[in-house]
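Topology and contacts: notes
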Amino acid sequence: MFRWTLRDGTYELEMGREPCNEIGTTVLAELERFLDQVDTENASALIIHSTVRGGFSAGADLRELYNGLMDVPEKEQEPRLRDFIERIHSVMDRIDMLPLTTIGVVHGICFGGGFELALTCDILIAEKNARFAFPELRLGVVPGFGGIPRLRRDVSNAVVRDLLLTGRSINAKKAVACGLASQMVPVGAGLRAARKTAEQANKFDPESRRACKEFMKPLPREELDAEKDLFVRLAMRPVLQAALKKFVESDDPRPYLP
Amino acid sequence: MSASFDRLTQLCAKRYSVDASIIKPEGDIFETLGIDSFQAAELMSELEMEFDVEIPDYELQDIKTFGALSSAIDERI
């Protein structure tokens, strides 16, 4: 499902969970497995890409989230959700701070939690069919995997507000124009472009490369903690559970969100 | 029919390997092309690039037919 290789100083992390790399406990465990063994002394770069047709990632595994909340007594729902959020933030923070040049290759859907994962990368390469969105408000919550602070770190407030407050999606061209992605490439050409970028990173002095990243990409710690609290507070209301129920029970191919 | 309908028809026919004659203004987009929500997002990107427009999702939310879609594109050109 998730596989990785280390070749010539570059890790390639391949996400291949059908239908579209939905992020739940299984994907989290795979990411933790990767992070636990990653050898940062003998590598310079990490490429994260998806092999599933639908895209990079459709976001949180909403079915698992819904079932996970429904399976426990009401008083246990909040602690369970908070544990999950703490765990996913820990994973996102670890990827964000890796002393490697991290390159995300995005094709197709890059929504919600998938977008949040992409935002942990240092460099994003968007294939022409890539589409980015934070649909969380349409479910009655806000992004909860660190997406708001990381989006604010990367792009202008006008785009941040538009994406968050309307739940709309943007294409690859717009993503490059607003500074979210640095390159737009043809469909299917993202991995090649990422490998070339990684080759460039591999040429540099490791200490300078690491110091440069640490200096220019600090973790927005206070905002990340505040986002966790906000997400859990909003998610504990009936609004989210009603939206998740509608999602789980729908078999309509059309977008179901308001 | 709207100015963009013919271009929309050609793009969809080529992209989804369907006969252009089955694409009618009143035809349902999902049913005619047999696409899912992932492919719909992809189509949206292609249309935005082809027509050099941005169409927010909420403007497309209630659009079901090719005719309505081409009208939405025309409003943004």
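First, a word on what this report is: a plain description of the structure on this page. Since the structure is predicted, the reported quantities are computational estimates derived from the model, not experimental observations. (Residues numbered from 1 in each chain as written. Chains lettered and ligands numbered in written order. Predicted model: local features only at pLDDT ≥ 70, side-chain atom pairs only at ≥ 80, totals over all residues. Heavy atoms only, no water.)

1. Brief notes about the nonpolar core
If you look at the biggest cluster of nonpolar residues, it comprises 64 residues, and the most contacted ones within it are Phe115(A), Phe132(A), Leu151(A) and Leu180(A). Among the elements that take part in this core, helix H3 (residues 74-97) of chain A stands out by supplying seven residues, more than any other. With sequence-adjacent residues up to four places away left out, Leu151(A) is seen in contact with Phe115(A), Leu119(A), Phe134(A), Val160(A), Leu163(A) and Leu180(A). Phe5(B), Leu11(B), Tyr16(B) and Ile35(B) belong to the second-largest nonpolar core, a separate cluster that totals 25 residues. (Core = buried A, V, L, I, M, F, W, Y, C linked by side-chain atoms within 4.5 Å. Buried < 20%, exposed > 50% of the residue type's maximum accessible area, 1.4 Å probe, protein only. Helix = DSSP H or I, 4+ residues; strand = E, 2+ residues; numbered from the N terminus. Contact = heavy atoms within 4.5 Å.)

2. Things to note about the packing of helix H1 (residues 25-37) of chain A against H3(A)
All names here are of chain A. Packing of H1 against H3 leaves a shortest axis separation of 10 Å and a crossing angle of 40 degrees. When the axis of H1 is compared with that of H3, the two are oblique. As for the relative orientation of H1 and H3, their crossing is left-handed in sense. For the pair H1 and H3, the contacting residues are Thr25, Leu28, Ala29, Leu31, Glu32, Leu35 and Asp36 in the first and Phe84, Arg87, Ile88, Val91, Arg94 and Ile95 in the second. For the contact of H1 with H3, the per-class residue count stands at eight nonpolar, one polar and four charged. (Axes fitted to C-alpha atoms, helices over the stretch in contact; angles between N-to-C directions. Parallel < 35°, antiparallel > 145°, perpendicular 65-115°, else oblique. Left-handed = near helix turned anticlockwise from the far one by under 90°. Nonpolar A, V, L, I, M, F, W, Y, C, P; charged D, E, K, R; others polar.)

3. A closer look at the pattern of salt bridges
According to the stated counting rule, one finds 29 salt bridges over all chains in the structure shown. Of the charged contacts, one joins Glu48(B) and Arg131(A) as a salt bridge, the two residues approaching to 3.0 Å between their closest N and O atoms. Of the two residues, Glu48(B) is situated in helix H3 (residues 37-51) and Arg131(A) in strand E8 (residues 131-133); the pairing between them involves two chains. We note that Glu48(B), like Arg131(A), is buried. Put simply, Glu59(B) and Arg76(B) hold a salt bridge, and the shortest N to O gap is 2.5 Å. Linking Glu59(B) in helix H4 (residues 57-60) with Arg76(B) in helix H5 (residues 66-76), this pair joins segments that are 17 residues apart in sequence. (Salt bridge = Lys/Arg side-chain N within 4 Å of Asp/Glu carboxyl O.)

4. Digging into H3(B)
Residue and element names in this part refer to chain B. Between its terminal C-alpha atoms H3 stretches 21 Å, which fits the 21 Å expected from 15 residues at 1.5 Å a residue. Among the residues of H3, those classed as buried are Gln39, Ala40, Ala41, Glu42, Leu43, Met44, Ser45, Leu47, Glu48 and Phe51. The N-terminus of H3 is capped by Asp36, whose side-chain oxygen sits 3.1 Å from the backbone nitrogen of Phe38. (Expected span 1.5 Å × (residues − 1). Polar contact = N/O pair within 3.5 Å; in protein donor to acceptor, adjacent residues only side chain to side chain.)

5. Here we look at unusual backbone geometry
Pro19(A) follows Glu18(A) through a cis peptide bond whose omega is 0 degrees. Positive phi values are uncommon outside glycine, yet Asp8(A) reaches one of about 50 degrees. Structurally, Asp8(A) is set in the loop between strand E1 (2-7) and strand E2 (10-15). Not every positive phi belongs to a glycine, and Asp52(B) is a case in point at roughly 50 degrees. With respect to the secondary-structure elements, Asp52(B) resides in the loop between H3 and H4. Given the relative accessible area of 56%, Asp52(B) is considered exposed.

6. Digging into the sheet that holds E1(A)
Residues and elements named next belong to chain A. Across the sheet, which stays open at both edges, the six strands sit in the order E1-E2-E3-E5-E7-E10 with mixed pairing between neighbours. At either end of the open sheet lies a strand with only one pairing partner, and these are E1 and strand E10 (183-185). The mean inter-strand angle of the sheet, taken between neighbouring strand axes irrespective of direction, is 20 degrees. Pairing geometry for strand E7 (residues 123-127) and E10, over three bridges, is parallel. Counted as the bridge partner of Ala126 is Met184 from E10. Sheet strands in contact with H1 are E1, E2 and strand E3 (45-50), and its direction is about 20 degrees off that of E1. (Pairing = 2+ DSSP bridges.)

7. Section: the interface of chain B and chain A
Contact residues are listed per partner, giving 22 residues for chain B and 23 residues for chain A. With both sides pooled, the region where chain B packs onto chain A buries about 1,900 Å², and carbon together with sulfur makes up 50% of that total. In this assembly, chain B and chain A are joined by five salt bridges. Along the contact surface separating chain B from chain A lie ten residue pairs in polar contact (both at pLDDT 80 or more). Elements with a minimum of two residues in the side of chain B that touches chain A: H3 and H4 of chain B. Considering every element that reaches the side of chain B that touches chain A, the biggest residue donor is H3(B), with nine residues. (Buried area = accessible area lost by both parts, 1.4 Å probe.)

8. Brief notes about the environment of Ala181(A)
Checked against the element boundaries, Ala181(A) lands in the loop between helix H7 (172-177) and E10. C-alpha separation for the pair Ala181(A) and Ala243(A), spaced 62 residues apart in sequence, amounts to 31 Å.

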